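# Structural overview
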Amino acid sequence: MGQALHIAKCDLQAPVNNGVHRTAAISTERLVVRRGQPFSITLHFAAEVQNYLQQLKRASLVVQTGPRPSKADGTHVQFPVSSLGDRSGWSAAVKERDSLSWSLSVTSPAGAAVGHYTLLLRIRGTQRATEHPLGTFTLLFNPWCRDDSVFLPNEAQRQECVLNQDGSIYWGTESMIQVQPWDFGQFEEDIVDICFKLLDVGAHWQQDTDRTKRGDPVHVCRLVGATLNCNELRRVLTGGWTAECRDGTPPTQWLGSAPILRQWAAERCQPVRYGQCWVFAAVACSVLRCLGIPTRVVTSFTWAHNTGGHLSVDEYYSESGDKVARNGKASIWSFHAWNECWMARPDLSPGYDGWQVLDATPQEKSGGPSSCGPTPVRAIRDGILELDPDVAPLFAALNAEHRVWVQRPDGRFQRAASGARYLGNSISTKAMSCDRCQDLTHLYKFPEGSPQAREVLERVHKKTNELEGASSRETDPNTLLPAIKDLALLLFVCIQPESSVLLGQDIQLAVTAANWSGGEKAVYLVLGVQTLRYDGTPITQLWKEELQFTLRDNEEKTLSAQVPYLQYKSALGDGHLMLSALLKDVDTLSVHFAQEEISICKPQLAIKLPQSVMQYQPTMAEISLQNPLPEPLEQCVLSVTGRGLIYRERTYRCDTVQPSSSLRVPIPFTPTQAGTKRLTVHLSCTQIQDIKGYRSVNIVAAQPPA
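Note that the structure is a prediction, hence the values are computed from the model and not measured.

## Overview of the packing of aromatic side chains
In total, this model carries 20 aromatic pairs according to the counting rule given. Here Y317 and F593 contribute two aromatic rings whose centre-to-centre distance is 4.5 Å and whose plane-to-plane angle is 50°, an arrangement assigned as tilted. Note that Y317 is positioned in strand β15 (residues 312–317) and F593 in strand β32 (residues 591–601), a separation of 276 residues in sequence. Note on F593: relative accessible area 1%, which makes it buried. Ring-pair connections join several aromatic residues into one group, and the members of that group are W171, W278, F301, W333, F335 and Y534. Stacked on the ring of Y352, the Lys or Arg R378 has its end atom at 5.2 Å from the ring centre.

## Topic: the sheet that holds strand β16 (residues 323–324)
Read across the sheet, 5 strands follow the order β16-β15-β20-β21-β24 without closing on themselves; strand pairing throughout is mixed. The sheet is open, and its two edges are formed by β16 and β24 (480–481), each paired on a single side.

## Quick word on the nonpolar core
Inside soluble globular proteins, nonpolar side chains tend to come together where they are buried. Residues W182, I260, W278, I293 and Y444 are the most contacted members of the largest nonpolar core, which totals 79 residues. At 13 residues, the largest contribution of residues to this core is made by helix α7 (residues 277–291). Taken together, domain 1 (7–140) and domain 2 (155–467) each give at least three residues to this core, which thus spans both.

## Section: the pattern of salt bridges
With the rule as written, the count across this model stands at 34 salt bridges. R296 serves as the salt-bridge partner of E340, at 2.8 Å between the closest nitrogen and oxygen. Of this pair, E340 sits in strand β17 (residues 331–343) while R296 sits in strand β14 (residues 295–305), and the two are 44 residues apart along the sequence.

## Remarks on the pairing of strand β39 (residues 675–684)
Here β39 lies mainly inside the structure; 8 of its 10 residues are buried. Of the pairings in the sheet, the one linking strand β36 (residues 636–641) to β39 comprises 5 bridges and is antiparallel in character. Note on β39: the bridge partner recorded for V640 is V681. The sheet contact formed by β39 and strand β40 (residues 691–700) spans 9 bridges and is antiparallel. Residue pairing in the sheet places R678 in a bridge with S696 of β40. The antiparallel hairpin formed by β39 and β40 contains 6 residues in its connecting segment, where D690 sits at a positive phi of about 60°.

## Points about the packing of helix α4 (residues 189–205) against helix α5 (residues 217–229)
Where α4 meets α5, the closest approach of the two axes is 9 Å, and the angle between their N-to-C directions is 85°. Judged by the inter-axis angle, α4 sits roughly perpendicular to α5. For the pair formed by α4 and α5, the contact residues are L198, L199, G202 and A203 on the first element and V220, L223, V224 and T227 on the second.

## Side note on helix α3 (residues 155–163)
Buried within α3 are the following residues: Q157, R158, E160, C161, V162 and L163. Residue N154 occupies the N-cap position of α3, its side-chain oxygen lying 2.9 Å from the main-chain nitrogen of A156.

## Some points on the sheet that holds strand β1 (residues 7–11)
The antiparallel open sheet is built from 4 strands, whose spatial order is β1-β3-β7-β6. Only two strands of the sheet have a single neighbouring strand rather than two, namely β1 and β6 (91–97). Shown here is a sheet whose adjacent strand axes are inclined to one another by a mean of 25°, direction ignored. Across 6 bridges, the pairing between strand β3 (residues 39–45) and strand β7 (residues 101–107) is antiparallel. Bridged to S40 within β7 is S105.

## Some details on the state of the cysteines
Summed over the entire model, instances satisfying the criterion amount to 0 disulfides. With no disulfide of its own, C161 has C285 as its nearest cysteine by sulfur position, at a separation of 7.6 Å. Cysteine C277 is unpaired, with the sulfur of C372 as its nearest cysteine sulfur at 14 Å. Residue C277 is classed as buried on the basis of its relative accessible area, which comes to 0%.

## A word on the UniProt feature "active site" (unreviewed entry) in the protein chain
As annotated in UniProt, the feature "active site" (unreviewed entry) corresponds to C277, H336 and D359 in the numbering used here. With the annotated positions falling across 83 residues, the maximum pairwise C-alpha distance of 9.6 Å places them together in a single cluster. Positionally, C277 belongs in helix α7. By the secondary structure assignment, H336 is in strand β17. A residue is classified by how much of its surface remains accessible, and H336, at 0% relative accessible area, is buried.

## Observations concerning the side chain of K323
Structurally, the position occupied by K323 is in strand β16. At a separation of 2.8 Å, a polar atom in the side chain of K323 contacts the main-chain carbonyl oxygen of G536. Not counting the four nearest positions on each side in its chain, K323 is found in contact with E315, Y316, Y317, Q530, L532, G536 and P538.

About the criteria used
Residues numbered from 1 in each chain as written. Predicted model: local features only at pLDDT ≥ 70, side-chain atom pairs only at ≥ 80, totals over all residues. Heavy atoms only, no water. Phe/Tyr/Trp six-rings, centres within 6.5 Å; stacked < 30°, edge-to-face > 60°. Helix = DSSP H or I, 4+ residues; strand = E, 2+ residues; numbered from the N terminus. Buried < 20%, exposed > 50% of the residue type's maximum accessible area, 1.4 Å probe, protein only. Lys NZ or Arg CZ within 6 Å of the ring centre and 35° of its normal. Pairing = 2+ DSSP bridges. Core = buried A, V, L, I, M, F, W, Y, C linked by side-chain atoms within 4.5 Å. Domains from an automatic or database assignment. Salt bridge = Lys/Arg side-chain N within 4 Å of Asp/Glu carboxyl O. Axes fitted to C-alpha atoms, helices over the stretch in contact; angles between N-to-C directions. Parallel < 35°, antiparallel > 145°, perpendicular 65-115°, else oblique. Contact = heavy atoms within 4.5 Å. Polar contact = N/O pair within 3.5 Å; in protein donor to acceptor, adjacent residues only side chain to side chain. Disulfide = S-S within 2.5 Å. UniProt positions renumbered as here; feature names shortened; annotations may be inferred.

Following this line, the structure appears as structure tokens:
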């Protein structure tokens, strides 16, 4: 009879396995593998194998996950060590053996629950079994495995949407799309543990004890989206605006996801203050990429938020052209960011695999604030409302009719004959393998005015009317009056502004009014400039001018105006300005309206770097900024980060920068990692907050000594 089995050591071969499983960026010391793909371990025995042969014939492996592993719920699985692998479940096979060791190949099923696992060797005895702990490992989704439901066939997309830690998020206005850098940081070693903690917290507050659901990317995405924002859970982020953020970090100051996730974990899962849509989307992207689900951040410009699925969204203006708040939570946002996640959808009818929309920004639903999705992008484009409850609000956000209402002297609102905006424009994401912007609008909408677009809109209108029935939002004759259709094209007004203005410059605009009525018209024109939050909420009226004049038949009159920098600098808010022109026919009271949104752009940081740098070779970057303001920039603070370039974050306090002068800061650094790396810079001062810039540099791997 052989001696009792004793394992001297189990080598989980983390450096080799993690490299093959594309998780070495997380760690080379702990085992992190992807499901559906074999990994190797080596058992080193305390004595020669021949002493244990009888026991090893009765050997099997055991994997366990969760706080209370159970065979009944699939969180405790036992499987034999065999020469034949079983693709339908966990399997193990001996690949190499010598007198003192066995090398095993272990494979998880492609649908296994992701999470932290314990691995044991179990020896069945005549009376009882003995178990030998072999170690722990972490299991992730696998976009490289054809049998995994998140399999993504395009390698360039896998590199971008799973492995890339340097992101670009688009914001601004549809006429001036701007980019800000974001460090997803999904492979920083502590982040994977925080991501699973996030799943645990979300499941606890939802009273969801079924760990096997974590093999389903649809369930995981819903859990992540809900845990990020829902009041019922210990959400990760609290929404807030810059003016309300004295007890936290303003959304515009965040540069990456890792500090947010670490703060949440360190403060015992208390919500981090503060985030807005791009922060919610960026953090969700980090968590899902870390777990192995291909994910990207997508931005749409001119987005109708919280429509409730209604195919119209209303904006109200006073007689003097000021935007006013009114009942109803629907509003037009300058832009909105969400996520797309790639996965199969066996839970839906065929044809809806692929990119799915997940919107982690809090949504107003009947049950309270919650996330939205995952919902197939194709279903949104085709308006298939019956497929998923979230199709209707997403379709409406991109296709709803914009209606403008202007208040009359009697207090009622009359619909303007013109001035509506198209929604869902320039839907954008970061392109693969480069820093360019990729337009995705064609995946969400058929071309404006095309037969397909008309057919989809007609069908969705019909379906919406059936669902809403008599309770649909009709015009209230006591407060709302329709446009005077016969007069709709008799007068015309438009604004020709610059799409953007550099902070410090005056705003120049031209307004054209035209009369095509067949006779002379006395008109009343109100020009206005308001500061807005990016969600369309008015902050303050900056400037207004009222004019009365007469337009002859077929006459066009262009008026020029200027808003000085000193008039808008103190109330700029998010940097969004709405220019409005309200033209009223004095005789008929018909109202014609035009509006244009412009961005006030901050000055750009110039970052000088060598084209390529040798790993471990000290080098220098130079950061410079020219002051565009007619006043000094005071109390300037410059922060610099760069994974593999600079350890953590460096902060520099800089001298006052006089008007038309430049700030120059040399940044010495020694790169420690090879490959394309990004240097990110953040500058704030008393006069201008949150100027961001970035530059990539190629780090050439150092040659090993001969």
